Amino acid sequence: MSSWTDEDRARISDELTLLIPPELVISKENEGQKMYLLQIEPAYALADEIFGAGNWHVQQRWQSINYESKTNTNGETIPMESTDKCIYEVCISCCCRVTLLNGVCHEDVGNGVARDTSYLKARKQAEKFANSEAIKRCLRKFGNALGNCLYDKQYISYLDSIL
């Protein structure tokens, strides 16, 4: 396995300490509380920029369905085999691992919930959400530049003041 030069390692280490540019951060309300997120596309772009495209990869380790439900138009739960008009809700968990060129890796779990009138669409969307969340959780463990700063109270205060 090839690895980075000493210069590459020093550069990567320095870049990982930087904060995410505020223009890449989005805010979201969750149960009445404001939270900040890095979406998956900018996360991939930042990882490519820091580690180099092709110098890191993602592996999905496992995926499981936490629950599936089906509700009618009145919001009442109905059997999954029912053919009535309904909304499906699917919750999926998955575990991903991000591995760098030098073999360093981080693994984490993400959860995704989706609702749709199509079971397949709800399931695919929940899978996508779970996978994205797991990958972002892995990436943040590498440093501030990949999302860890979104857990720093000073950076959150700064974001509160400008976003």
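Preceding block: the structure.
Here is what the cut-offs are and how they apply
Residues numbered from 1 in each chain as written. Predicted model: local features only at pLDDT ≥ 70, side-chain atom pairs only at ≥ 80, totals over all residues. Heavy atoms only, no water. Pairing = 2+ DSSP bridges. Helix = DSSP H or I, 4+ residues; strand = E, 2+ residues; numbered from the N terminus. Buried < 20%, exposed > 50% of the residue type's maximum accessible area, 1.4 Å probe, protein only. Core = buried A, V, L, I, M, F, W, Y, C linked by side-chain atoms within 4.5 Å. Contact = heavy atoms within 4.5 Å.

Visitor: Any chance you could explain the pairing of strand β5 (residues 105-116) here in plain terms?
Guide: It is a general feature of regular strands that their side chains alternate between the two faces of the sheet. Here strand β4 (residues 87-100) pairs with β5 via twelve bridges, running antiparallel. Bridge assignment links Tyr 88 to a residue of β5, and that residue is Asp 116. A loop of four residues connects β4 with β5, the two strands running antiparallel in sequence, and Gly 103 in this loop sits at a positive phi of about 95°.

Visitor: For this particular structure, what's the right way to read unusual backbone geometry?
Guide: If a residue is not glycine, its phi is most likely negative; likewise, a peptide bond is most likely trans. Although it is not a glycine, Glu 31 sits at a positive phi angle of roughly 55°. Relative to the helices and strands, Glu 31 resides in the loop between β1 (25-30) and β2 (33-38). Judged by relative accessible area, which is 81%, Glu 31 ranks as exposed.

Visitor: I'm lost on the nonpolar core in this one. Help?
Guide: What tends to happen in soluble globular proteins is that the nonpolar side chains get buried as a cluster. Core analysis: the largest hydrophobic core is formed by 39 residues, its most contacted members being Phe 51, Leu 139, Phe 142, Leu 146 and Leu 150. For this core, the secondary-structure elements that each account for two or more residues are α1 (6-16), β2, α2 (40-51), β4, α3 (119-140) and α4 (153-162). Apart from residues no more than four positions distant in its own chain, Phe 51 is found in contact with Trp 4, Ile 12, Leu 16, Trp 56, Leu 100, Phe 142 and Leu 146.

Remember that the coordinates give geometry; whether it matters functionally is a separate question.
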